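These are the residues of each chain, in order.
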Amino acid sequence: MEAFTTIRDWLGRRAEELLALILASLFVTFLIQIVFRYFLNLPLGWTIEFVSIAWLWGILFGYAFVTRDQEIIRLDIVYGAVPVGAQRVMDGVTGLICTGIFLWSLPNVWEYVTFMKIEKTAYMRIPFDYVFSIYIPFAIAVSIRCLINVWQAIRGTHPKYAAGSGAEGHDYD
């Protein structure tokens, strides 16, 4: 089990580093776009395209592989007002629904992504199947995350089910 934790932690650090590179490249490209458009009066089309693709990949890759369950922002007014048993039921039901939707849509998503290899982006000429391919691991990772939450809801092992772990018991920085 310790080897699994070590590998998971190592992969997690690499995912964070990759996300940092995506965000840094997005920022640098955005600055290049501003300089060329507003100071040199030479708009560059590829910068807008790259920023859009990097944003898409950053959001989906980041949520799938970097963001931890505790870091997800939730609107939980009703959730926080019900007893822990009801929260566990709500977590189980929503986790199963979310997993079902993602897995049900996966064959159609796969078909769409593979179909898009015939189209390329306007400036950088990147095949759209590369652009949209991040959605497939995103959907699988979200499904796995939801199933883990369902399992934790069934067993009651998630730390949020512990006494005093609600919004009142959280130390917000």
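All figures in this text were calculated on a predicted structure; none of them were measured in a lab.

### Quick word on the pattern of salt bridges
Enumeration over the complete set of coordinates arrives at five salt bridges. Linking Arg 8 and Asp 9 is a salt bridge whose minimum nitrogen-to-oxygen distance equals 3.7 Å. Overall, Asp 9 belongs to the partly exposed group, its relative accessible area being 34%. Note that Arg 14 is salt-bridged to Glu 17, the shortest N-O span being 2.8 Å. Here the residue Arg 14 and the residue Glu 17 both occupy positions in helix α1 (residues 2-39), the gap between them amounting to three residues, near one helical turn. Residue class for Arg 14 comes out partly exposed when judged on its relative accessible area of 27%. It is possible to trace a salt-bridge network through shared partners that takes in Glu 16, Arg 68 and Glu 71.

### Looking at the nonpolar core
A general tendency of soluble globular proteins is for nonpolar side chains to be buried together. Grouped together as the largest cluster of nonpolar side chains are 17 residues, with contacts concentrated most on Phe 61, Val 66, Phe 102, Ile 136, Phe 138 and Val 142. Secondary structure elements with two or more residues in this core: α1, α2 (45-65), α4 (84-115) and α6 (135-155). Ranked by the residues each element gives to this core, the list is headed by α6, at six residues. If we skip the residues at most four places from it in the chain, Phe 138 touches Leu 60, Tyr 63, Ala 64 and Phe 102.

### Side note on α6
Here α6 spans 30 Å end to end across 21 residues, near enough to the 30 Å set by a 1.5 Å rise per residue. Among all positions in α6, only Ile 136, Phe 138, Ala 139, Ala 141, Val 142, Ser 143, Arg 145, Cys 146, Asn 149, Val 150, Gln 152 and Ala 153 are buried. Of the surrounding secondary structure, the elements contacted by the buried residues of α6 are α2, α4 and α5 (128-132). Looking at the residues trailing α6, positive phi occurs at Gly 156, about 70 degrees.

### Points about the packing of α4 against α6
The interhelical angle for the contact between α4 and α6, taken along N-to-C directions, is 160 degrees, at an axis separation of 8 Å. Regarding the angle of α4 to α6, the classification is roughly antiparallel. Judged by the twist between their axes, the crossing of α4 over α6 is left-handed. For the contact of α4 with α6, the residue count by class is 19 nonpolar, four polar and three charged.

### Let's talk about the environment of Ile 140
By the element assignment, Ile 140 lies in helix α6. Ile 140 sits 37 residues away from Leu 103 along the chain, and the two C-alpha atoms are 7.5 Å apart.

### A closer look at a nonpolar patch on the surface
The grouping of Val 35, Tyr 38, Phe 39, Leu 40 and Leu 42 at the surface amounts to a nonpolar patch, some 580 Å² of accessible area in total. Assessed through its relative accessible area of 63%, Tyr 38 is described here as exposed.

### Re unusual backbone geometry
We note that Asn 41 has phi near 55 degrees; this positive angle belongs to a residue other than glycine. One non-glycine residue with positive phi stands out, namely Arg 125, at about 60 degrees. When you line up the elements, Arg 125 lands in the loop between α4 and α5.

Cut-offs applied
- Residues numbered from 1 in each chain as written.
- Predicted model: local features only at pLDDT ≥ 70, side-chain atom pairs only at ≥ 80, totals over all residues.
- Heavy atoms only, no water.
- Salt bridge = Lys/Arg side-chain N within 4 Å of Asp/Glu carboxyl O.
- Buried < 20%, exposed > 50% of the residue type's maximum accessible area, 1.4 Å probe, protein only.
- Helix = DSSP H or I, 4+ residues; strand = E, 2+ residues; numbered from the N terminus.
- Core = buried A, V, L, I, M, F, W, Y, C linked by side-chain atoms within 4.5 Å.
- Contact = heavy atoms within 4.5 Å.
- Expected span 1.5 Å × (residues − 1).
- Axes fitted to C-alpha atoms, helices over the stretch in contact; angles between N-to-C directions.
- Parallel < 35°, antiparallel > 145°, perpendicular 65-115°, else oblique.
- Left-handed = near helix turned anticlockwise from the far one by under 90°.
- Nonpolar A, V, L, I, M, F, W, Y, C, P; charged D, E, K, R; others polar.
- Patch = residues over 30% accessible without salt bridge, like charges linked within 9 Å, V, L, I, M, F, W, Y side chains within 5 Å.
- Areas by Shrake-Rupley, 256 points an atom, 1.4 Å probe, with all protein chains shown as cover.

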